[in-house]
Amino acid sequence: MTAPAKAPDPGAAEPSPVGALSQLVEEANTSGITYQEMADRGAAAVTGTRLPRQWYQKLVKNPPANPPSLEQMEALAAATGRPLRRIKEAAAEQWLQYEATELAGYDEEVRIIVGHLAGKSKAELMKWRYMIEAEERARREAGD
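Draft legend 1. Just the overall build of the chain, in detail. On a plain count of helices and strands, the chain comes out with seven helices and zero strands. Counting over 144 residues, the chain shows a buried share of 23%. Expressed as a percentage of contacts within the chain between residues at least 6 apart in sequence, the contacts between residues at least 24 apart total 47%. Just so you have it, the chain exposes about 10600 Å², and 54% of that area is on carbon and sulfur atoms.

Have a look at this one:
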């Protein structure tokens, strides 16, 4: 005879989702980069900052309460092959619950236009899209 399964304790903590930076390190590891290789790559790229293999493992399995320093993030970028900017964004998301929404690679005019359209209704956004596409089509057809 089997005993009925116990209901989960309502006070029990649910497992927390993996943080963004921890996830980047985990993805690098599952793609074939060992933690030791990460430690070696990070040390080779950033003089004076040697993060041991265990530091990378801990970041994935049991992240520290405080975010990494700039030097540690530079080592992480080299270790994982990710741009430093992406490492900083992931750290900000994991420790500060901040999600970067900046339009990288665009000039100030594009940022102003996007900022102006933020918060518009779906109908208004579609209207602006159709106007922009119509203007581009007219320019193409005119040979400009």
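Draft legend 2. Molecular detail of the packing of aromatic side chains. Summed over all chains, the structure comprises one aromatic pair. Seen in terms of ring centroids, tryptophan 55 and tyrosine 56 are 5.4 Å apart; in terms of plane orientation they differ by 85°. Their pairing is edge-to-face.

Draft legend 3. Geometry of the confidence of the model for the chain. Averaged over all residues, the pLDDT of the chain is 82; the fraction at 70 or higher stands at 83%. Helix H3 (residues 53–61) holds the highest mean pLDDT among the elements of the chain, 94, whereas helix H6 (residues 108–117) holds the lowest, 74. Residue range residues 1–5 is modelled with pLDDT below 50. Its contacts to residues more than four positions away, or to other chains, number zero contacts. Note on residues 8–16: pLDDT is under 50 here. Beyond four places in sequence and across chains, it has zero contacts.

Draft legend 4. The arrangement of the packing of helix H2 (residues 35–45) against helix H4 (residues 70–80) in detail. H4 packs onto H2 with a crossing angle of 125° between their chain directions and a minimal axis gap of 7 Å. By the angle between their directions, the pair H2 and H4 is classed as oblique. As for the relative orientation of H2 and H4, their crossing is right-handed in sense. The residues of H4 that touch H2, namely those facing Met38, Arg41, Gly42 and Ala45, are Ala75, Ala78 and Ala79.

Draft legend 5. Local environment of the pattern of salt bridges. Inspection of the entire model under this criterion finds six salt bridges. In this structure, arginine 50 engages aspartate 40 in a salt bridge whose closest nitrogen and oxygen atoms are separated by 3.6 Å. With arginine 50 in the loop between H2 and H3 and aspartate 40 in helix H2, this residue pair connects regions lying ten residues apart in the sequence. Measuring nitrogen to oxygen at the nearest pair gives 3.9 Å for the salt bridge that ties arginine 86 to glutamate 89. Of this pair, arginine 86 and glutamate 89 both sit in helix H5 (residues 84–96), separated by three residues, roughly a single helical turn. Overall, the relative accessible area of 29% leaves arginine 86 in the partly exposed class. Because the salt bridges share partners, they merge into one network encompassing Arg85, Arg86 and Glu89.

Draft legend 6. A look at the packing of helix H1 (residues 20–30) against H3. Running from N to C, H1 and H3 point in directions that differ by 125°, and their axes come no closer than 8 Å. In this view, H1 runs oblique relative to H3, as classed from their interaxial angle. In this structure, H1 crosses over H3, and the sense of that crossing is left-handed. Residues Leu21, Ser22, Val25 and Glu26 of H1 lie in contact with H3, whose contacting residues are Tyr56, Leu59 and Val60.

Draft legend 7. Inspection of the nonpolar core at higher detail. One finds Leu21, Val25, Met38, Tyr56, Leu59, Leu76 and Ile87 to be the most contacted residues of the largest nonpolar core, which totals 24 residues. Mapped onto this core, the elements with two or more residues apiece are H1, H2, H3, H4 and H5. When near neighbours in sequence (up to four residues on either side) are disregarded, leucine 21 contacts Leu59, Pro68, Leu76, Ile87, Ala90, Ala91, Gln94 and Trp95.

Cut-offs used in this document
- Residues numbered from 1 in each chain as written.
- Predicted model: local features only at pLDDT ≥ 70, side-chain atom pairs only at ≥ 80, totals over all residues.
- Heavy atoms only, no water.
- Helix = DSSP H or I, 4+ residues; strand = E, 2+ residues; numbered from the N terminus.
- Buried < 20%, exposed > 50% of the residue type's maximum accessible area, 1.4 Å probe, protein only.
- Contact = heavy atoms within 4.5 Å.
- Areas by Shrake-Rupley, 256 points an atom, 1.4 Å probe, with all protein chains shown as cover.
- Phe/Tyr/Trp six-rings, centres within 6.5 Å; stacked < 30°, edge-to-face > 60°.
- pLDDT = per-residue confidence, 0-100.
- Axes fitted to C-alpha atoms, helices over the stretch in contact; angles between N-to-C directions.
- Parallel < 35°, antiparallel > 145°, perpendicular 65-115°, else oblique.
- Left-handed = near helix turned anticlockwise from the far one by under 90°.
- Salt bridge = Lys/Arg side-chain N within 4 Å of Asp/Glu carboxyl O.
- Core = buried A, V, L, I, M, F, W, Y, C linked by side-chain atoms within 4.5 Å.

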